[in-house]
Amino acid sequence: MQRYDLRHLKDDLYDQIVEILDKTAPEEVSIFMFEIGDFTPVQKSADLVKEQGHELLNSIKFNEVDWTLVVKRKA
């Protein structure tokens, strides 16, 4: 399991998630942390994970401005 802090990214958040998942071993779990703002990134990143064929294990508000996604990479 690896944790990735993507809070510093704004526009490249989604590309970075895909890039990281592509490099992750099958069945490995990754935790992504990012800023939510208006909650648009939450739904968009969850949709992206599903479109890529991976499993979204959890989606949690971490604090007032940050969100975490727990994703299991599928083969």
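In what follows, the structure referred to is the one given above.
Residues numbered from 1 in each chain as written. Predicted model: local features only at pLDDT ≥ 70, side-chain atom pairs only at ≥ 80, totals over all residues. Heavy atoms only, no water.

Undergrad: Residues and numbers for the overall build of the protein, please.
TA: For the protein, the helix and strand inventory stands at two helices and four strands. When the helices and strands of the protein are placed in sequence order, the string is β-α-β-α-β-β. A globule of 75 residues ought to have a C-alpha radius of gyration of about 11 Å, and the protein, at 11 Å, matches this closely. On the principal axes, the C-alpha backbone points of the protein span a range of 35 × 20 × 20 Å. Counting only residues that meet the buried cut, the protein has 40% of its 75 residues in that class. In the protein, of all internal contacts separated by at least 6 residues, the share reaching a separation of at least 24 is 62%. Separation between the mean location of the 10 positive side-chain charges and that of the 15 negative ones in the protein comes to 4 Å. (Helix = DSSP H or I, 4+ residues; strand = E, 2+ residues; numbered from the N terminus. Rg over C-alpha atoms; globule rule 2.2 N^0.38 Å. Buried < 20%, exposed > 50% of the residue type's maximum accessible area, 1.4 Å probe, protein only. Contact = heavy atoms within 4.5 Å. Lys, Arg positive; Asp, Glu negative; His and termini not counted. Charge placed at Lys NZ, Arg CZ, Asp CG, Glu CD.)

Undergrad: Before we move on, could you go through the pattern of salt bridges and cite the residues and values that matter?
TA: Considering all chains together, one arrives at five salt bridges under this definition. The salt bridge involving E55 is made with K74; its shortest N-O contact spans 3.2 Å. Of this pair, E55 sits in strand 3 (residues 55-61) while K74 sits in the segment after strand 4 (66-72); the two residues are 19 residues apart in sequence, bridging distant segments of the chain. One continuous salt-bridge network, built from bridges that share partners, spans D5, R7 and D66. (Salt bridge = Lys/Arg side-chain N within 4 Å of Asp/Glu carboxyl O.)

Undergrad: Describe the sheet that holds strand 1 (residues 2-5), with residues and values.
TA: Read across the open sheet, the four strands follow the order 1-2-4-3; overall the sheet is mixed. One side of each edge strand has no neighbouring strand; the edge strands of this open sheet are strand 1 and strand 3. In this sheet, neighbouring strand axes are inclined to one another by 20° on average, regardless of whether the strands run parallel or antiparallel. Inspection of the sheet shows strand 2 (residues 29-35) paired to strand 4 by seven bridges, in the antiparallel sense. Bridge pairing links F34 to W67 in strand 4. Here helix 1 (residues 13-23) sits on the sheet and contacts strand 1, strand 2 and strand 4; the angle it forms with strand 2, its principal contact strand, is near 170°. (Pairing = 2+ DSSP bridges. Axes fitted to C-alpha atoms, helices over the stretch in contact; angles between N-to-C directions.)

Undergrad: Any details on the packing of helix 1 against helix 2 (residues 40-51)? Residues and values, ideally.
TA: The geometry of helix 1 relative to helix 2 is characterised by a closest axis approach of 11 Å and an angle of 30° between their N-to-C directions. On the basis of the axis angle, helix 1 is roughly parallel to helix 2. Helix 1 and helix 2 meet at a crossing whose hand is right-handed. Counting all contacts with helix 1, which are made through L13, Y14, I17 and V18, the residues of helix 2 involved are T40, P41, K44, S45 and L48. Of the residues that constitute the contact of helix 1 with helix 2, the class distribution is six nonpolar, two polar and one charged. (Parallel < 35°, antiparallel > 145°, perpendicular 65-115°, else oblique. Left-handed = near helix turned anticlockwise from the far one by under 90°. Nonpolar A, V, L, I, M, F, W, Y, C, P; charged D, E, K, R; others polar.)

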